[in-house]
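# Observations on the model geometry
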Amino acid sequence: MRNFLKPAAGFVCAITLAGTGCSSNGSGGTSDGTSSGTSGGGASSDTSGDTSGGTAYAPYVSATTASGNDSAGSPSAYNLAFVIADGGDCTPQWNGTTAIGDSAVASRIAALTASGASVRVSFGGASGKELASVCDSAAELADAYGQALDAAGATEADFDVEGEQLTDSASVALRSEAIALLQEERDDLAVTFTLPVMPSGLDDDGVALLESANDHGVQVSTVNIMTMNYGSSYDEDMGDYAETSAGAAHDQLEEVFGLSDAGAWKGLALTSMLGVNDVDNETFSLSDAAQVRAFAEGKGVAWVSMWSTFRDRPCGDDSSADDAATNCSGVAQTAGAFAKAFTG
């Protein structure tokens, strides 16, 4: 997903997977969510923003700029995008431009959480320098992550790893080590990895990242797949593609982590890019959003999300002010309509 370098006006198992247990030898966990001899990572009861016991709604929002659609659909959690490095320095900043402790951001987070929703700090994204690529040690990287979490008052972290960052094995390993250190210090820290997906499932690099996390004893609550931007050869129904991608990723989690059918579904989160995607032939419609919501509820998926609240509105007539790639959806809708579709 895109970053905010220019903020818009707008494996085997050391994984908790939303509280579903599994064993360190891949033999599987019990279907009731208890651990069966986990070594390394242990099971947890965290559901990462799911306060209802069902499929939660947790959209991506700008950490620095409010949108009138942030509260549409009454989210139970918000993904704050994005924390990256300050250029080549191991200093966490919002979008690489705004200080972690910025008072305006603190006020924004307070407004988002006033309804009782939680916030999940999202590290990475598609642009800028991810901290794992510039920090010199796992301890330094863990400290940078911790600074951002403390500033946001968050106990949930999302690591959006894509593009070159996903193929950089050194930064993948350093990130895994740093997250493991952070979880040693913060035993309530819930971790999500947000990864690209195709209708065939996670690619080899995505699986390798999860295996690295496992090797370092990281406990992961959810694997959030980005059901978007499949490529020019995928020109059919985006709702169907989201279901197919989720099914393939589910089977991968079930096999790799030795999870039950239900446990693998509960270990998934689904994020769609609403409206016009970055690939010209891909448009995610309101009916697609309703389809994804119904599918997620039926399967017991942990949460659904969208990129993003500030795009959940129609574009205006002034193309110099509104851009479907940045701050509007590019499809006919009313403001906040996608949020309502994602919450049923």
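Counting of residues starts from 1 at the beginning of each chain's written sequence and follows it residue by residue. Only residues with pLDDT of 70 or above have their local features reported here, since the model is predicted, and side-chain atom pairs are shown and tallied only from 80 upward, although totals for entire chains, interfaces and linings are computed over all residues. Computation of side-chain values covers all heavy atoms of the structure but excludes hydrogens and water.

The name given to the protein in an unreviewed UniProt entry is Hydrolase, and the organism recorded there is Streptomyces apricus.

### Description of the packing of aromatic side chains
Centres within 6.5 Å are what make two rings of Phe, Tyr or Trp a pair, Trp counting through its six-membered ring; a difference in plane orientation under 30 degrees is then read as stacked, over 60 as edge-to-face, and the rest as tilted. For the structure shown, the criterion picks out 15 aromatic pairs. Centre to centre, the rings of Tyr-145 and Phe-159 are 5.0 Å apart; their planes meet at 70 degrees, and the pair counts as edge-to-face. Here Tyr-145 is found in helix α2 (residues 138-152), whereas its partner Phe-159 is found in strand β7 (residues 156-160), with 14 residues between them in sequence. Of the two residues, Tyr-145 and Phe-159, both sit in the buried class. Cluster of aromatic residues (ring-pair linked, three or more members): Tyr-57, Phe-284, Phe-338 and Phe-342. Note on geometry: a ring has a charge over it if NZ (lysine) or CZ (arginine) is within 6 Å of the ring centre and within 35 degrees of the ring normal. Its end group placed over the ring of Trp-303, Arg-120 keeps NZ or CZ at 4.2 Å from the ring centre. Secondary structure elements follow DSSP: runs of H or I of four or more residues count as helices, runs of E of two or more count as strands, with numbering from the N terminus. Three labels apply to residues, based on accessible area from a 1.4 Å probe with only protein chains included: buried if under 20% of the type maximum, exposed if over 50%, partly exposed otherwise in between.

### Thoughts on the packing of α2 against helix α4 (residues 169-185)
Contact geometry of α2 with α4 gives a least axis separation of 8 Å together with a crossing angle of 60 degrees. By the criterion of interaxial angle, the relationship of α2 to α4 is oblique. Classified by chirality, the crossing of α4 by α2 is right-handed. Residue-level contacts link Ala-138, Ala-139, Leu-141, Ala-142, Tyr-145, Gly-146 and Leu-149 of α2 to Leu-174, Arg-175, Glu-177, Ala-178, Ile-179, Leu-181 and Leu-182 of α4. A per-class count over the contact of α2 with α4 returns 11 nonpolar, one polar and two charged. Convention adopted: a line fitted to C-alpha atoms gives each axis, helices being fitted over their contacting stretch, and angles between N-to-C directions are expressed from 0 to 180 degrees. Working definition: roughly parallel below 35 degrees, roughly antiparallel above 145 degrees, roughly perpendicular at 65 to 115 degrees, and oblique for all remaining angles. The handedness criterion is simple: a crossing whose near helix is rotated anticlockwise from the far helix by less than a right angle is left-handed, and one whose near helix is rotated clockwise is right-handed. Every residue pair with non-hydrogen atoms within 4.5 Å of one another is taken to be in contact. Gly is put with the polar residues, along with every residue not named as nonpolar or charged; the nonpolar set is Ala, Val, Leu, Ile, Met, Phe, Trp, Tyr, Cys and Pro, and the charged set is Asp, Glu, Lys and Arg.

### A look at helix α5 (residues 204-215)
Residues spaced three or four apart along an α-helix point in a common direction, a consequence of the helix completing one turn every 3.6 residues. By definition here, a helix of n residues has an expected span of 1.5 Å times n minus one. Here α5 is 12 residues long and its end C-alpha atoms lie 16 Å apart, about the 16 Å a rise of 1.5 Å per residue gives. Among the residues of α5, Gly-206, Val-207, Leu-209, Leu-210, Ser-212, Ala-213 and Asn-214 are the ones counted as buried. In the core, the buried residues of α5 are packed alongside α3 (164-167), α4, β8 (190-196), β9 (222-227) and α6 (238-257). Two N or O atoms count as a polar contact when they lie within 3.5 Å, although within protein this holds only if one can serve as hydrogen donor and the other as acceptor, and sequence-adjacent residues are included solely when both atoms are side-chain atoms. Its side-chain oxygen placed 3.1 Å from the backbone nitrogen of Asp-205, Asp-203 serves as the N-cap of α5. Looking one or two residues beyond α5, the residue adopting positive phi is Gly-217, at roughly 80 degrees.

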